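# Commentary on secondary and tertiary structure
What follows is the residue order along each chain.
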Amino acid sequence: MCGIIAAASNRNVGKLLVQGLHKMEYRGYDSAGIALHQIDKIAHLRTLGKVNLLEEKMIAEKPKSKLGIAHTRWATHGEPSEENAHPHKSNERVYIVHNGIIENYLDLKEFLKKEGYTFSSQTDSELIAHMLEYFLNKGNSMLDSMYLTKEKLEGAYAIAAIDKEDDKNVMIARSKSPLLIGVGVDEFLAASDPLAIGQLTNEFVFLEDGDVAELSSESYTIYDAEKTEVQREVTQIDISSQSTSKGDYKHFMEKEIYEQPDAILNTIDGRVGGEDVLDNIFGLGSSEIFEKVKRIQIVACGTSLHAGRVAANWFSSISELPTQTDYASEYRYRNPHVDEDSLLVTISQSGETADTLAALRYAKEKNYLSTLCICNVPTSSLARESDYSIFTNAGPEIGVASTKAFTTQLAALMLLALSLAKSRKINPKLRTRVITALRSLPDTIQETLKLKDTILEIAPEIANKDNALFLGRGIFYPIAKEGALKLKEISYIHAEAYPAGELKHGPLALIDEEMPVIALAPESEIAEKLVSNLEEVKARGGTIYVFADPSITMDLKSGKLINMPKCDFLLTPIIYTIPLQILSYEVALLRGTDIDQPRNLAKSVTVE
Ligand code: G6P
């Protein structure tokens, strides 16, 4: 993970580098650091903790510089500490920042130790600084040293490096970890994410795997994996127009929960017309490809996989296609058999999740008919490497716990289920029914958000517990899993989800007055069975909170029955997600946790 940023400019860059780090804190926030070239020396500042601590140090020391690199870290090798924070240096000469993992770091460290280099951190990254210096000392240029170093490195990396002997240039390199150049006025920038430099430019150049580039305040030059100078396309993106402030909300997560009616509207806008979904909304030719699809494989991580598991039900019931779902981190290791005419669907908010990208790259070697991604970031690696894509248009999601990204993924996946059905010329009436329901979904979400007051009544009862169980059946089981994930991510309460029918096969043993049970009970053919499952909990003294269709009645000894707004059954998973998000948020607020940046987590997980 981690976020890296670099700048070569005609003005002071310290402040803009730190501002960029703030924008990338979602990538990691356990320590931060900066290296600033000052002609005769390099100022090197690092702090344990969040970027604002580094900022305080900068304000106190006021280092001036026109060339610098900076980093915000999510620890992989070595605990969060000042010594392990980037930039790492070699003999006060070469300073580097790194995002990714160097898999053969132990061998390379051994080699460098034998060459007389001493290590001051436990990271895999520090060796990059020493390796660059090792090659520089042999008389190579920085460009050649970077290529020679790259030859040695196995794993994933985005690197930015500066040399004390050169006060004009910063060298950057990319392999499997995202890295781009920002074209500024009298300055060139590099970062892991356009968000970091979106206030400074709207022209970006996305590096490809194997690329190395040299940046000065006047120009940049890109070389490909073979060291041939290449031109890469300049992409215009207006990031400054995208809202990345909290507005009147206490947290980004809170803001993002309440943005969901608009976000969903943006997902479906321009993609449905009349009584059906429009053709080719996943890219030119997608409707024709969909005619041939006979099977679907979904891969994703975390919340995005929960969306995939809901969609697997839709692909079965609406598109009539058998669908398999896998954790992206597991998919490659089960030697998957790929049937003819299978479509690979990846789902990722960021489009940079290393496991999902690795699964896509693996799948491209298999005989898939085509690959398609559901993503919120059009410029992401996943979007660029997939045959077809649809963007959820949720706007930037900053809170680490995913909310609007999830519900918009569900809306986009529903569009995919409908498109597949349309291409396969099946279920026209059902398609019309779902399109009508999709159109009123933003209003139904707005109504659901009004449940906040009721949720505020139950939040204190859950906030003082150590565990919670979430129950759902069928298409609601992944929603129960998402509810449990949200609660544990931000409130640190241990939470698990079960299909309600599984309760009696083990977890019932956990039920007592200390174990709140949160159940999802929409009107469905299995509603009665779910109510019976809940009776089993009640009989054992458990406290039950049920989000239920108004037709469901239950006599609860303790807990609460909360009536949900009505909506087409196929879209109810989206609606039932909303109160679970609000509940997690309010519980975390009562427990005083760091809601937008929960401990140990990061939003974009760019390491496998
Ligand atoms: C991290 C985030 C989760 C997210 C998952 C997948 O674990 O904390 O919120 O669901 O990555 O991320 P993606 O960007 O691929 O959807």
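Overview of the structure.

## Examining the overall build of the protein
What the protein contains, in helices and strands, is 19 helices and 27 strands. For a compact globule of 608 residues, the expected C-alpha radius of gyration is about 25 Å, and the protein comes in at 25 Å, within 12% of that figure. By principal-axis analysis of the C-alpha atoms, the protein measures approximately 80 × 55 × 45 Å. Burial statistics for the protein: of 608 residues in total, 62% are counted as buried. Across the protein, the fraction of contacts at a sequence separation of at least 24, relative to all contacts at a separation of at least 6, is 72%.

## Points about the site of the ligand
Taken together, 14 residues lie around the ligand, and Ser304, Ser348, Gln349, Ser350 and Thr353 are the ones closest in. Contacts to the ligand include Ser348, whose side-chain N or O atom sits 2.6 Å from an oxygen atom. For the ligand, whose free accessible area comes to 390 Å², the fraction covered by protein is 89%. It is helix H10 (residues 302-317) that provides the largest number of residues to the shell around the ligand, a total of three residues. Within the shell around the ligand, the residues separate by chemical class into four nonpolar, eight polar and two charged.

## Structural notes on helix H16 (residues 452-463)
Look at H16: 16 Å from first C-alpha to last across 12 residues, which is about the 16 Å you get at 1.5 Å a residue. Looking at H16, one finds that the buried residues are Ile455, Ile458, Ala459, Ile462 and Ala463. Mapping the buried residues of H16 onto a view down its axis gives an arc of 140°, with all of them on the same face. Where H16 is buried, its residues contact helix H17 (477-491), strand S25 (516-521), strand S26 (543-548), strand S27 (559-563) and helix H19 (572-591).

## As for the side chain of Ser192
Along the chain, the position of Ser192 falls in the loop between strand S10 (187-191) and helix H6 (194-197). Taking relative accessible area as the criterion, Ser192 reaches 4% and is therefore assigned buried. At 2.8 Å, the side chain of Ser192 and the backbone nitrogen of Ile4 are in polar contact. Excluding residues that lie within four positions of it along the chain, Ser192 makes contacts with Cys2, Gly3, Ile4, Met24, Arg27, Asn99, Pro178, Leu179 and Leu180.

## Focus on the sheet that holds strand S5 (residues 88-90)
Neighbouring strands of a sheet are bound in pairs by backbone hydrogen bonds; such pairs are parallel or else antiparallel. Taken together, seven strands build an open sheet; the order of strands is S5-S6-S7-S8-S12-S13-S14 and the sheet is antiparallel. Two strands lie at the open edges of the sheet, namely S5 and strand S14 (229-230), each paired on one side alone. As paired strands, S5 and strand S6 (residues 94-102) are joined by three bridges and run antiparallel to one another. In the strand pairing of S6, Lys89 is matched with Tyr95.

## Describing the pattern of salt bridges
Close approach of charged atoms allows side chains with opposite charge to pair. Following the criterion strictly, the structure yields 26 salt bridges and no others. As a salt-bridge pair, Glu187 and Arg11 come within 2.7 Å of each other at their nearest N and O atoms. Here the residue Glu187 occupies a position in strand S10, and Arg11 occupies one in the loop between strand S1 (3-9) and helix H1 (14-23), the gap between them amounting to 176 residues. You can call Arg11 partly exposed: its relative accessible area is 41%. A salt bridge links Glu457 to Lys560, with the nearest nitrogen and oxygen atoms 3.3 Å apart. Of this pair, Glu457 sits in helix H16 while Lys560 sits in strand S27; the two residues are 103 residues apart in sequence, bridging distant segments of the chain. The partly exposed category is assigned to Glu457, whose relative accessible area is 47%. Judged by its relative accessible area of 27%, Lys560 is partly exposed.

## Quick notes on the packing of aromatic side chains
Scanning all chains against the criterion turns up eight aromatic pairs. Look at Phe111 and Tyr134: their rings are 5.3 Å apart centre to centre, the planes differ by 80°, and that puts the pair in the edge-to-face class. One end of the pair, Phe111, is in helix H3 (residues 105-114); the other, Tyr134, is in helix H4 (residues 126-137), and 23 residues separate them in sequence. Look at Tyr134 and Phe135: their rings are 5.0 Å apart centre to centre, the planes differ by 70°, and that puts the pair in the edge-to-face class. Assigned by exposure class, Tyr134 and Phe135 land together as buried. Clustering of aromatic rings is evident, with ring pairs tying together Phe111, Tyr134 and Phe135.

What counts as what
- Residues numbered from 1 in each chain as written.
- Predicted model: local features only at pLDDT ≥ 70, side-chain atom pairs only at ≥ 80, totals over all residues.
- Heavy atoms only, no water.
- Helix = DSSP H or I, 4+ residues; strand = E, 2+ residues; numbered from the N terminus.
- Rg over C-alpha atoms; globule rule 2.2 N^0.38 Å.
- Buried < 20%, exposed > 50% of the residue type's maximum accessible area, 1.4 Å probe, protein only.
- Contact = heavy atoms within 4.5 Å.
- Near = heavy atom within 4 Å.
- Polar contact = N/O pair within 3.5 Å; in protein donor to acceptor, adjacent residues only side chain to side chain.
- Areas by Shrake-Rupley, 256 points an atom, 1.4 Å probe, with all protein chains shown as cover.
- Nonpolar A, V, L, I, M, F, W, Y, C, P; charged D, E, K, R; others polar.
- Expected span 1.5 Å × (residues − 1).
- Arc of directions from axis to C-beta.
- Pairing = 2+ DSSP bridges.
- Salt bridge = Lys/Arg side-chain N within 4 Å of Asp/Glu carboxyl O.
- Phe/Tyr/Trp six-rings, centres within 6.5 Å; stacked < 30°, edge-to-face > 60°.

Just geometry here; none of it tells us what the structure is for.
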